[in-house]
Amino acid sequence: MTTMNPATTTVARPTLPGLRRFARRYAANRLALGATVVLGLIVLASVLAPVLAPYEPEQIDVLNRLAGPSPEHLLGTDSLGRDTLSRLLYAGRVSLAAAALAVVVATVIGVPLGLVAGYAGGWVDWLLGRVADVLMTFPAIVLAIALIAATGPGLTNAMIALGIVYAPRLFRVVRGSTLAIRQETYVEASISIGTPARSIMARHILPNALSPLLVQISLTLAAALLAEAALSLLGLGVVPPTPSWGNLLGRGFTEIRSTPLLVWFPGIAIALATISFNLIGDGLRDALGREVRKGD
Amino acid sequence: MLALLLRRLAFTIPLLLVVSFLIYALIVLVPGDPAVALAGQNPSPAQIAAVRAELGLDDPFLVQYWHWLSSALQGDLGVSLFSSESVTSAILARLPTTLSLAFVSLTMAAVLGIAVGTLAGLKPGTWIDRVATVSASFGVAMPYFWVGMILVLLLAINVPILPAVGYEPLGNGLWGWLSHLLIPASALAIAPAAVIARQTRAALVEVMSQDYIRTANAKGLPRFRVVAKHALKNSSVPVVTVFGIEANRLIGGTVVIEQLFALPGVGQLAYQSVFARDFPLVQGVLLATATMILLINLLVDVSYGYFNPRIRQA
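Computed from a predicted structure; not experimentally measured.

Caption draft 1: Here's a closer look at the overall build of chain A. When helices and strands are tallied, chain A shows 13 helices and zero strands. Its helices and strands taken in sequence order, chain A reads α-α-α-α-α-α-α-α-α-α-α-α-α from the N to the C terminus. A principal-axis box enclosing the C-alpha atoms of chain A has dimensions of 80 × 45 × 30 Å. The contacts of chain A with a sequence gap of at least 6 include a subset with a gap of at least 24, amounting to 71%.

Caption draft 2: Spotlight on the overall build of chain B. When helices and strands are tallied, chain B shows 13 helices and zero strands. Along chain B, from the amino end to the carboxyl end, the secondary structure elements read α-α-α-α-α-α-α-α-α-α-α-α-α. Seen through its C-alpha atoms, chain B measures out along the principal axes to roughly 80 × 55 × 35 Å. Taking all 314 residues of chain B together, the buried fraction comes to 40%. Residue pairs in contact within chain B that sit at least 24 positions apart in sequence constitute 72% of those at least 6 positions apart.

Caption draft 3: Structural view of the interface of chain A and chain B. Taken together, the 37 residues of chain A in the interface contact 40 residues of chain B. Breaking the side of chain A that touches chain B down by element, the ones donating at least two residues are α5 (122-135), α6 (140-151), α10 (210-233), α11 (245-254) and α12 (261-288) of chain A. For the side of chain A that touches chain B, the element with the most residues is α6(A), which contributes 10 residues. Of the residues belonging to the side of chain A that touches chain B, the class tally is 29 nonpolar, five polar and three charged.

Caption draft 4: Representation of unusual backbone geometry within the structure. Residue and element names in this part refer to chain B. The backbone of Ala262 sits at a positive phi, close to 50 degrees, despite the residue not being glycine. When you line up the elements, Ala262 lands in the loop between α10 (223-260) and α11 (266-276). Classification of Ala262 by C-beta neighbours within 10 Å gives partly exposed; the count is 13. For Arg277, which is not glycine, the phi torsion reads 50 degrees and is therefore positive. Tracing the backbone shows Arg277 in the loop between α11 and α12 (279-307). On the basis of neighbour counts, which here come to 21 C-beta atoms within 10 Å, the residue Arg277 falls in the buried class.

Caption draft 5: Layout of the nonpolar core. Residues and elements named next belong to chain A. Residues Ala144, Ile145 and Tyr166 are the most contacted members of the largest nonpolar core, which totals 171 residues. Of the residues forming this core, the biggest block, 19 residues, is contributed by helix α4 (residues 84-120). Contact partners of Tyr166, with chain neighbours within four places excluded, come to Ala102, Val103, Ala106, Ala140, Thr220, Ala223 and Ala224.

Caption draft 6: The arrangement of the environment of Ile205(A) in detail. Residue and element names in this part refer to chain A. Mapped onto the secondary structure, Ile205 falls in helix α9 (residues 197-208). For the pair formed by Ile205 and Phe22, sequence separation is 183 residues and the distance between their alpha carbons is 20 Å. Those residues in contact with Ile205 that lie beyond four places of it in its chain are Leu115, Tyr119, Thr178, Ile181, Arg182, Val187 and Ile200.

Caption draft 7: How the structure looks around the confidence of the model for chain B. Residues and elements named next belong to chain B. Chain-level statistics for chain B give a pLDDT mean of 85 and a share of 97% at 70 or above. Confidence, read as mean pLDDT per element, is least for helix α13 (residues 309-313) in chain B (62) and greatest for helix α5 (residues 87-122) (92). This complex was scored by the predictor with a pTM of 0.86 and an ipTM of 0.84.

Caption draft 8: Local environment of the confidence of the model for chain A. For chain A, per-residue confidence averages 83 on the pLDDT scale, and residues scoring 70 or more make up 92% of the total. Taken as a whole, residues 291-296 of chain A scores under 50 in pLDDT and shows one contact with residues more than four places along the chain or in a different chain.

Caption draft 9: Structural view of the packing of α4(A) against α11(A). Residues and elements named next belong to chain A. At a closest axis distance of 8 Å, the pairing of α4 and α11 adopts a crossing angle of 130 degrees. Classified by the angle between their axes, α4 and α11 sit oblique to one another. On α11, the residues that touch Arg87, Leu88, Ala91, Gly92 and Ser95 of α4 are Trp245, Gly246 and Leu248. Looking at the contact of α4 with α11, its residues break down into four nonpolar, three polar and one charged.

Caption draft 10: Representation of helix α7 (residues 144-158) of chain B within the structure. Along its 15 residues, α7(B) runs 20 Å from first to last C-alpha, staying within 8% of the 21 Å computed at 1.5 Å per residue. The axis of α7(B) is deflected most strongly, by about 25 degrees, at Val152(B). Every buried residue of α7(B) is listed here: Tyr144(B), Phe145(B), Trp146(B), Val147(B), Gly148(B), Met149(B), Ile150(B) and Val152(B). Along its buried surface, α7(B) packs onto α10, α11 and α12 of chain A together with α8 (174-208) and α10 of chain B.

Cut-offs and rules
Residues numbered from 1 in each chain as written. Chains lettered and ligands numbered in written order. Predicted model: local features only at pLDDT ≥ 70, side-chain atom pairs only at ≥ 80, totals over all residues. Helix = DSSP H or I, 4+ residues; strand = E, 2+ residues; numbered from the N terminus. Contact = placed C-beta atoms within 7 Å. Buried ≥ 20, exposed ≤ 12 C-beta atoms within 10 Å, placed from the backbone. Nonpolar A, V, L, I, M, F, W, Y, C, P; charged D, E, K, R; others polar. Core = buried A, V, L, I, M, F, W, Y, C linked by C-beta atoms within 7 Å. pLDDT = per-residue confidence, 0-100. Axes fitted to C-alpha atoms, helices over the stretch in contact; angles between N-to-C directions. Parallel < 35°, antiparallel > 145°, perpendicular 65-115°, else oblique. Expected span 1.5 Å × (residues − 1). Bend = angle between axes of the 7 residues up to and from the residue.

Structure follows, in structure tokens:
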């Protein structure tokens, strides 16, 4: 190893060649690339639901109840004669937004606390770590329904509950990276010239902890989407008549003998979205991961 | 081994105490006066007073918690607000269903996951490995409740060989019990099987490149013994770890699956109690769930000592 010249020890920010290398690695992962395209289409279709949907989601066609696919109703209708395609598109907005909201709540709680725990160490770290341990004792869905038991059902309560449930995941990832980055020379240097802790965390630590955080956010989005669907399926999340993929699936299950298509479509939508988030998370991990980078 | 068990217990018991406190403290989150909120729709003053008395809401919070905890330690978790049934007996009556579901599903996950992971890990880079790896990536993220519905469609409606919903206790015959569990257990087994397969593969690839495997091969041990006795046992620590994590997630899944498939278990009880906002029942079920999960984690930690003797001394 050559002698370290402090002037050339650059901060490991994502530089342009770094970004390009990341893009090349990510694009080489065909599964992740495919997942990105699929997810992009799902998000686009959901955002454009008011333009794309042939009917209003609550519009009832009494003569065509539980109908199969036809030119008027491309994916058929439900037991009230509502158009499945339109409901699916509108449900996508609700389900994706719900998952995003849960992850935003988890990020807002988990990331700052993770930075503080990793940076301050000592009893602060110990205490926050034990709180995370306790929260992670419960399965996500059990903790979420426990919080819903206290606050009552509904989309907002369900998503805040899920956000709290997933916060320890993000906390742990950020705390781990912060612990490692805090030892770096440039952080020591910054401390020694008297930079306030807050700007060190914001300017030096957080940017360098972003990669593992992004991976975890992607995986958490998949988990939140699944959990939201499960809660809405049970009637504890998004409450009808607002459609969400979860409550469409729950309603569809009651008609499974006569109209199995009502179970296939929302299920496929949930599966495609969760699998995509997961594959994207895996792809990000491989493209950003240190183990892989060593051999590059 | 005993020292390891005691060390883990010393960690688990305080954790369970904190968890019990948080479970009890949930009631603080109920908006407004909990006695009014929890007494059901349009409660009479007498009903509100009854709820207040049952929950001990007039005492200071820590006193309430102490009463609840000390009774819980003696096996008394209070009485349901609506059915006047003892919470402890409600949970105990439903425990066998949930344990059956968890047992069948974890067994399926372990067998399938270890088999697929071993096949892939012994031949890394081949098409078998690629198929296994890609299937695992999909399996991890599959909506388990949807998989259950599709299995109902295929195996109970299109080709009616299994019952769609319901439960039959083991006492009424092995096949009746198993046939009611096969679909819900398969649904719950997919994700853990995928995670176990990934973990087995990764650990096996690592272990198979070790010197002692080369030695075992060189001294002419049959391939099966090398893999089963030397490689798999040494790959099992990470596999057992994910088994513990997955058991936790699976117990969460039972809440959804039991409700969906009308299985009268603790998960369904959790759902029903939350829906009715029957707080003594909610708290009891949560405490039982947490205890179950901490016990599983304890067993997992202690089993490390068996699979890797070096941990016993650590």
